[in-house]
Amino acid sequence: MQVFGSWNHLFGKVRPAVATAAMTLAASAAITGQASADPAADIHYVALGDSFAAGAGVFPQTELATCSRSAVNYPALVAKELGVASFKDVTCGGATLDDLTSPQRGVVSGTAAPQFDALTPDTTLVTMTMGGNDIGLASQALRCGNLLPEPYGTSCADTFTANGTDTFAERTKALAPGYGNAIDEIRSRAPEATIVIVGYPTAARAGACPEQQPTWPRDADYLQGVLVDLNALLHNVAAAHGAIFVDTAASSIGHDMCATPDQQWINGLIPSLSTPSFVPLHPNTFGEENIAQQVVATLR
């Protein structure tokens with residue numbers, strides 16, 4: 001199925017850039033009298049993050065019970081394309097910033113080590129997708145499902161903005177200091193690393209699709225607005241702390257939960273049976289591939 005063009009087509013575009021980098025290194029080595037080297041041999045990659053990075057529910061899985069980590073999540077695809085010298089994927093479903101420095105209880109069973117334990121002074125590339133669980137979005141979004149049309153049900157948008165306080169806006173704003181500290185700690189543990197903060201994809205188009213997904217239009221718009229605000233905060237914090245931000249929202253427009261099954265990159269409240277993925281409101285196989293494309297394009 002060709003959703004966005006073949007992976008090999010993307011790789012064909014990336015390889016010339018890699019070759020150019022290799023030639024530059026070779027020329028530099030000749031000037032300094034050092035032997036030339038493959039740039040990929042110097043890439044020691046650590047992937048941090050939550051279920052969007054882990055590929056929760058995307059099969060095949062390499063680690064299901066503790067972290068729901070997919071063998072074809074975006075970090076694995078990035079590592080394969082870059083041909084890295086080493087790769088540590090410690091992404092884990094349900095992860096928050098606290099789980100970067102503390103053990104995390106598994107999704108079903110077991111315990112995951114603190115994600116920062118994977119970082120070393122030799123690490124040269126770090127990607128991280130984090131924040132959705134910190135503001136409670138993943139656990140609360142399912143409350144926006146309504147099988148019947150208004151007024152037979154409760155609007156989650158009304159619930160989350162009751163008494164003049166926007167719950168998610170407040171939580172998102174409060175996330176900034178801790179997120180900045182996390183980026184600084186990554187740099188402290190891996191001072192030579194390029195740090196890449198990867199944003200969240202588009203989940204729903206304006207008005208959504210109540211005839212297809214059991215969500216009232218204004219509730220879907222509210223949730224999408226939360227994602228927009230979260231991505232904006234991640235972009236700003238990354239810039240303030242010297243990290244790179246990768247936008248995945250723009251490229252996934254039109255491939256949200258309302259798209260036809262062959263164009264859908266993120267599951268709806270009722271996941272499609274057309275892709276081997278089952279976690280609601282999370283990227284499916286094609287969504288993980290698109291995120292990987294955006295990361296590679298940025299690094300290129």
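An account of the accompanying structure is given in this report.

Analysis parameters
- Residues numbered from 1 in each chain as written.
- Predicted model: local features only at pLDDT ≥ 70, side-chain atom pairs only at ≥ 80, totals over all residues.
- Heavy atoms only, no water.
- Salt bridge = Lys/Arg side-chain N within 4 Å of Asp/Glu carboxyl O.
- Helix = DSSP H or I, 4+ residues; strand = E, 2+ residues; numbered from the N terminus.
- Buried < 20%, exposed > 50% of the residue type's maximum accessible area, 1.4 Å probe, protein only.
- Polar contact = N/O pair within 3.5 Å; in protein donor to acceptor, adjacent residues only side chain to side chain.
- Pairing = 2+ DSSP bridges.
- Axes fitted to C-alpha atoms, helices over the stretch in contact; angles between N-to-C directions.
- Parallel < 35°, antiparallel > 145°, perpendicular 65-115°, else oblique.
- Left-handed = near helix turned anticlockwise from the far one by under 90°.
- Contact = heavy atoms within 4.5 Å.
- Nonpolar A, V, L, I, M, F, W, Y, C, P; charged D, E, K, R; others polar.
- Core = buried A, V, L, I, M, F, W, Y, C linked by side-chain atoms within 4.5 Å.

## So, the pattern of salt bridges
Part 1 of the reasoning: The final tally for this structure, using the stated rule, is five salt bridges.
Part 2 of the reasoning: The shortest N-O distance in the salt bridge between E185 and R189 comes to 2.8 Å. Of this pair, E185 and R189 both sit in helix α6 (residues 167-189), four residues apart, roughly one helical turn.
Part 3 of the reasoning: Beyond isolated ion pairs, a larger network of salt bridges with shared partners links E150, D158 and R218.

## A word on the side chain of Q61
Part 1 of the reasoning: Considering the arrangement of structural elements, one finds Q61 in strand β2 (residues 61-63).
Part 2 of the reasoning: Taking relative accessible area as the criterion, Q61 reaches 18% and is therefore assigned buried.
Part 3 of the reasoning: Engagement of the side chain of Q61 in a polar contact is seen with the backbone oxygen of G55, the distance being 3.2 Å.
Part 4 of the reasoning: At a separation of 3.3 Å, a polar atom in the side chain of Q61 contacts the side chain of S68.

## Let's talk about the sheet that holds strand β4 (residues 86-89)
Part 1 of the reasoning: In space, the five strands of this open sheet follow the order β4-β1-β7-β8-β9, with parallel pairing throughout. On the outer flanks of this sheet lie β4 and β9 (244-246), each paired with one strand and no other. Across the sheet, the mean angle from the axis of one strand to that of its neighbour is 20 degrees, orientation sign disregarded.
Part 2 of the reasoning: Where strand β7 (residues 125-129) lies against strand β8 (residues 194-198), four bridges are found, and the strand directions are parallel.

## A closer look at the packing of α6 against helix α7 (residues 217-240)
The axes of two packed helices give the description: the angle between them and the distance between them.
Part 1 of the reasoning: Direction vectors running N to C along α6 and α7 enclose 25 degrees, while the axes themselves pass 10 Å from each other. Taken as axis vectors, α6 and α7 run roughly parallel relative to one another. Taken as a pair, α6 and α7 cross one another with a handedness that is right-handed. For the pair α6 and α7, contact is made by T167, F168, T172, K173, L175, A176, Y179, G180 and I183 and by Y222, V226, D229, L230, L233, L234, V237 and A238, respectively.
Part 2 of the reasoning: Each residue belonging to the contact of α6 with α7 can be placed in one class, and the counts come to 12 nonpolar, three polar and two charged.

## Things to note about the nonpolar core
Part 1 of the reasoning: Formed by 51 residues in total, the largest nonpolar core has its most connected members in L48, L100, M128, Y179, I186, I197 and L234.
Part 2 of the reasoning: Elements represented by at least two residues in this core include exactly β1 (44-49), β7, α5 (156-160), α6, β8 and α7.
Part 3 of the reasoning: The element contributing the most residues to this core is α7, with 10 residues.
Part 4 of the reasoning: In contact with L48, other than residues within four places in its own chain, are A53, V90, T91, L100, Q115, F116, V126, T127, M128, T129 and I186.
Part 5 of the reasoning: I43, A53, A79 and V296 belong to the second largest nonpolar core, which has 18 residues in total.

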